[in-house]
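# Architecture at a glance
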Amino acid sequence: MTHDALLAIGSLIFVYLCMIVHTRSPIVATVAMAQVLASVPIGVYLHRALFHVDQFYVLNFLGLFIIAGIGADDSFLLFDVWKAEVDRGPARTLPEILAAAYRAAGASMAVTSISSAASFFANAYSTLPALRSFGIFCGTLIMVNFAFVMLVFPAALCRCAVAHQSGTVQNLTGCVGT
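Let us look at the structure shown here.

Our next topic: the packing of helix 2 (residues 26-49) against helix 5 (residues 129-151). The interhelical angle for the contact between helix 2 and helix 5, taken along N-to-C directions, is 130°, at an axis separation of 8 Å. Taken as axis vectors, helix 2 and helix 5 run oblique relative to one another. Seen from above, helix 2 lies across helix 5 with right-handed handedness. Residue-level contacts link Gln35, Val36, Ala38, Ser39, Val40, Ile42, Gly43, Val44, Leu46 and His47 of helix 2 to Ser133, Ile136, Phe137, Thr140, Leu141, Val144, Asn145, Phe148 and Val149 of helix 5. For the contact of helix 2 with helix 5, the per-class residue count stands at 12 nonpolar, 7 polar and no charged.

What follows is the structure, given as structure tokens:
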């Protein structure tokens with residue numbers, strides 16, 4: 001592998017380790033990193049199929065680092081709000097906790113994701129093909145990741161909460177609060 005490829009892999013591993021430390025949960029961190037990584041092939045597909053951009057420039061690979069940062073940030077935000085809602089009291093049901101977390105974090109994530117994506121999509125008007133492709137690709141990555149954070153990540157949090165409530169050691173391994 002080239003030195004640059006090793007640095008790229010190292011940076012993603014560093015973000016993943018930060019996720020594990022922050023969430024104290026390898027399972028939640030793995031889901032968060034998986035949705036960041038899954039955003040890339042879906043973004044590539046949409047880049048070609050939806051936006052009809054046939055060329056994929058080297059510059060577009062920088063999108064992986066952009067989405068790693070934005071994806072980690074969105075995951076951290078939802079996780080922190082979720083944890084705060086869980087800590088508010090045991091009398092609340094899982095749907096109540098999830099609804100409160102969506103209300104508190106969802107609007108912030110929507111505003112930041114849409115504004116970030118819009119700033120990248122503005123490059124669609126660039127006269128430089130590589131910059132146009134990069135903007136469309138990064139904007140697409142951000143919106144795909146936002147969908148994952150709103151749909152997939154809460155499922156991981158709920159699954160871990162259910163496992164935590166069951167009290168079995170096997171189910172607790174790697175989940176929130178263990």
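Moving on, we come to the environment of Ala105. Looking at the secondary structure, you find Ala105 in helix 4 (residues 94-121). On the basis of relative accessibility, which here comes to 0%, the residue Ala105 falls in the buried class. For the pair Ala105 and Tyr45, spaced 60 residues apart in sequence, the C-alpha to C-alpha distance is 28 Å. In this view, Ala105 contacts Leu77, Leu78 and Val81; residues no more than four positions away in its chain are not counted.

Let us now look at the packing of aromatic side chains. Enumeration according to the criterion identifies 4 aromatic pairs in this entry. Here Phe56 and Phe61 contribute two aromatic rings whose centre-to-centre distance is 5.5 Å and whose plane-to-plane angle is 85°, an arrangement assigned as edge-to-face. Since its relative accessible area comes to 29%, Phe56 is described here as partly exposed. Relative to Phe137, the ring of Phe56 lies with its centre 5.0 Å away and its plane at 85°, an arrangement referred to as edge-to-face. Of this pair, Phe56 sits in the loop between helix 2 and helix 3 (63-87) while Phe137 is found in helix 5, placing the two residues 81 residues apart along the sequence.

Pairs of packed helices are described in terms of their axes, by the angle between the two and the distance that separates them. At a minimum axis distance of 8 Å, the contact between helix 3 and helix 4 shows a crossing angle of 160°. In terms of axis orientation, helix 3 runs roughly antiparallel to helix 4. As for the relative orientation of helix 3 and helix 4, their crossing is right-handed in sense. Where helix 3 abuts helix 4, its residues Ile66, Asp74, Leu77, Leu78, Val81, Trp82, Glu85 and Val86 lie against Leu94, Ile97, Leu98, Ala100, Ala101, Ala104, Ala105, Ser108, Met109, Thr112, Ser113 and Phe120. A breakdown of the residues in the contact of helix 3 with helix 4 according to their chemical character gives 15 nonpolar, 3 polar and 2 charged.

The next point concerns the environment of Val162. As for its position among the elements, Val162 is in helix 6 (residues 153-166). Judged by its relative accessible area of 40%, Val162 is partly exposed. Spatially, the C-alpha atom of Val162 lies 34 Å from that of Ala117, the residues being 45 residues apart in sequence.

With the rule as written, the count across this model stands at 3 salt bridges. Close ionic contact of Asp87 with Lys83 constitutes a salt bridge, the shortest N to O distance being 3.9 Å. Highlighted residues: Asp87 and Lys83, both in helix 3, separated by 4 residues, approximately one helical turn. Residue Lys83 is classed as buried on the basis of its relative accessible area, which comes to 19%. Arg92 serves as the salt-bridge partner of Glu85, at 2.7 Å between the closest nitrogen and oxygen. Each of the salt bridges in this network shares a partner with another, and the network as a whole consists of Glu85, Arg88 and Arg92.

Procedures and definitions
- Residues numbered from 1 in each chain as written.
- Predicted model: local features only at pLDDT ≥ 70, side-chain atom pairs only at ≥ 80, totals over all residues.
- Heavy atoms only, no water.
- Axes fitted to C-alpha atoms, helices over the stretch in contact; angles between N-to-C directions.
- Helix = DSSP H or I, 4+ residues; strand = E, 2+ residues; numbered from the N terminus.
- Parallel < 35°, antiparallel > 145°, perpendicular 65-115°, else oblique.
- Left-handed = near helix turned anticlockwise from the far one by under 90°.
- Contact = heavy atoms within 4.5 Å.
- Nonpolar A, V, L, I, M, F, W, Y, C, P; charged D, E, K, R; others polar.
- Buried < 20%, exposed > 50% of the residue type's maximum accessible area, 1.4 Å probe, protein only.
- Phe/Tyr/Trp six-rings, centres within 6.5 Å; stacked < 30°, edge-to-face > 60°.
- Salt bridge = Lys/Arg side-chain N within 4 Å of Asp/Glu carboxyl O.

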